[in-house]
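# Tertiary structure, described
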Amino acid sequence: METEENPADAAEKKEQKPKKMYYLDESVVVWSDYLYGHMHPKTVSVIREFSHESDVEPFELYTQGKTLMQKPSMEDDLEDRLHFFAEECDHLQGFQVLVDFYNGFSGVGCSLLEYLEDEYSGKGILTVGVAPTTFSRETPAAESHRVINSALAFQKLSSHSSLFLPISASRTLWRKPGPPVGFPHISYNSSLNYHTSAILASSLETMMLPYRTVENPLTVNILSEALSTMGRKIGSLQSSLPFPFQLGNTLASEFNSLDGNVPWRSLTPYTHNPSAVPFAQSVVLRGIPKDKLVVPGKHPTNNLELCKTGSEMLSLYLSGQYPRSLNSALCVYQASKTVAPYPHIFNENVNHEGYLSNETRSQTLGVSSVPMMTSLQSSPTTGHLLAELVKQSQRLDIRKFHGYVEGGLEPDEFKETMDNLQAMSECYTTDMMEAE
């Protein structure tokens, strides 16, 4: 399926002058500092029992979130807000839930999903678990809490979701977060949530296009079911920001130049194996105009140059790269917007429109949009993520962490959680793929 810009809009874009540059790295602290859109008054529900990043009583236990959600006032407020927005929908197909899985919000998120599953049975629930690259608290206790919270959240969130997708700009997590994910054409400060959230948000927005397009969209349920067969309810996200499109080239030539390599990097920790073959994937390419697919009037010299549409060309490329995988391809011609308040993270070889160029971009000129490619996958590498989480969880004696026990978490329940995660990790072995 293709979507295309109005020619008049495209002409107007070319005539636009460069917009004013904003440098916000030193002035933003929390996400609302660089929030561009306006929210409905019913959007934000404030937790008043805890303070943000408090050292006195930090909101960092799964059981704190669960206990909080059991309060009648909190439950009534949640129901009121959800019903309001659900009634505003013309056709409610499902929910997108973003949740921190490493702190007290893990318990809040699990309680929320239990409610959604009961109240809106049959609706798709795509849950995205998010973690930063650096943590404000680095004590041994806080590190252990992150492991316990994550183990409980991974099991519960995946159980109550159609698909659970953990993401972070860090290659590894929990006790000592590893190095940040590197992208060839961007330079970002991994300690700034302002930077890492931009990368994650752009990737998520692109990944979600299959069920957000107007013509012939998939539904959240259809997409999730295709990726969660055989008990594989945890996915991974790959992203190419920007997609490496050289100015003056064609999409066909760019695919040929990849020569069997993939252009993306993984945003799901512990899944960084570019040679891994996914069981299934939903791939989105955006920002390559229709007139840049092939050289107009040139006689086709390969099968890619015979393609008439971007989606057809992307599908052919994927079938050649992953012949044994279930591949879904979507090409959207509109690029990903990167105007203010988007951070200035693109290297100087990325021009104003997001294409790679031999000329250095002026420091007074920002990048207004970029082509992108994402792949939402069910991949064997997710088994490594789960195995690492189980390994770190098994080192902990839950009875020594009184906050969890006092919050109602039984040792047997935590052991059952680890057993379930271990069983889930075995669903991602290549032996299971042979069985299919």
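Quantities reported herein were computed from a predicted structural model and do not represent experimental measurements.

## Side note on the nonpolar core
Phe101, Leu116, Ile148, Phe154, Leu157, Trp174 and Tyr404 are the most contacted members of the largest nonpolar core, which has 55 residues in total. Contributions of two or more residues to this core are made by helix H2 (62-69), helix H3 (72-88), strand S1 (94-100), helix H4 (105-119), helix H5 (140-160), helix H10 (382-394) and helix H12 (411-426). For this core, the element with the most residues is H5, which contributes seven residues. When sequence neighbours within four positions are dropped, the list of residues in contact with Tyr404 reads Glu60, Leu61, Tyr62, Thr63, His145, Ile148, Asn149, Ile398 and Leu409. Grouped together as the second largest cluster of nonpolar side chains are 34 residues, Leu126, Tyr188, Ile199 and Leu376 included.

## Some words on the pattern of salt bridges
For the structure on display, the rule yields 13 salt bridges. A salt bridge links Asp419 to Lys415, with the nearest nitrogen and oxygen atoms 3.1 Å apart. Of this pair, Asp419 and Lys415 both sit in helix H12, four residues apart, roughly one helical turn. A residue is classified by how much of its surface remains accessible, and Lys415, at 46% relative accessible area, is partly exposed. Here the salt bridges share partners, and the residues they tie into one network are Glu143, Arg175 and Lys176.

## Observations concerning the pairing of S1
A regular strand carries its side chains on alternate faces of the sheet. Summarising the sheet, S1 and strand S2 (residues 124-130) pair through seven bridges and their orientation is parallel. Bridging across to S2, Val99 finds its partner in Gly129. Taken together, S1, H4 and S2 form a β-α-β motif whose crossover is right-handed.

## Remarks on helix H7 (residues 220-227)
Counting along an α-helix, one turn takes 3.6 residues, and residues three or four places apart therefore face a common direction. Of the positions making up H7, those classed as buried are Val220, Leu223, Ser224 and Leu227. Buried positions in H7, seen along its axis, are confined to an arc of 95° and lie on one side of it.

## Some details on the sheet that holds strand S4 (residues 236-240)
Ordered by their spatial adjacency, five strands build an open sheet running S5-S4-S10-S6-S7, and the pairing between neighbours is mixed. A single partner strand is all that each edge strand has here, and the edge strands are strand S5 (265-266) and strand S7 (326-332). Sheet analysis places S4 next to strand S10 (residues 372-378), joined by five bridges and oriented antiparallel. Residue pairing across strands places Leu237 opposite Leu376, the latter belonging to S10.

## Digging into the environment of Ser236
Considering the arrangement of structural elements, one finds Ser236 in strand S4. On the basis of relative accessible area, Ser236 is assigned to the buried category, the value being 0%. With 57 residues separating them in the primary sequence, Ser236 and Pro179 have C-alpha atoms 18 Å apart. Among residues more than four places away in sequence, those in contact with Ser236 are Leu165, Thr268, Thr271, Ser375, Leu376, Gln377, Ser379 and Thr382. Among the polar contacts made by the side chain of Ser236, one reaches the side chain of Gln238 at a distance of 3.4 Å.

Definitions and cut-offs
Here the residue numbers are simple positions, counted from 1 along each chain's written sequence. It should be noted that, the model being predicted, local features are given only for residues of pLDDT at least 70 and side-chain atom pairs only at 80 or more, the latter also being counted only at that level, while totals for whole chains, interfaces and linings use all residues. Calculation of side-chain values draws on the structure's entire complement of heavy atoms; hydrogens and water are dropped beforehand. Joining through side-chain atoms within 4.5 Å is the link that ties buried Ala, Val, Leu, Ile, Met, Phe, Trp, Tyr and Cys residues into a set, and such a set is a nonpolar core. Using a 1.4 Å probe on the protein chains alone, a residue whose accessible area is under 20% of its type maximum counts as buried, one over 50% counts as exposed, and one in between counts as partly exposed. Strands are runs of DSSP state E lasting at least two residues, helices are runs of H or I lasting at least four, and both sets are numbered from the N terminus onward. Whether two residues are in contact is decided by their heavy atoms: any pair within 4.5 Å suffices. Any Lys or Arg side-chain nitrogen found within 4 Å of a carboxyl oxygen on Asp or Glu counts as a salt bridge. Only strands that DSSP links by at least two bridges are regarded as paired with each other. With the strands aimed away from the viewer, a crossover counts as right-handed if its path from the first strand over the helix to the second runs clockwise. Picture the helix axis, draw a direction to every C-beta atom, and the arc is the one those directions span. A 3.5 Å cut-off defines polar contacts: any pair of N or O atoms within that distance qualifies, except that in protein one atom must be a possible hydrogen donor and the other a possible acceptor, and neighbouring residues in sequence count only when both atoms are side-chain atoms.

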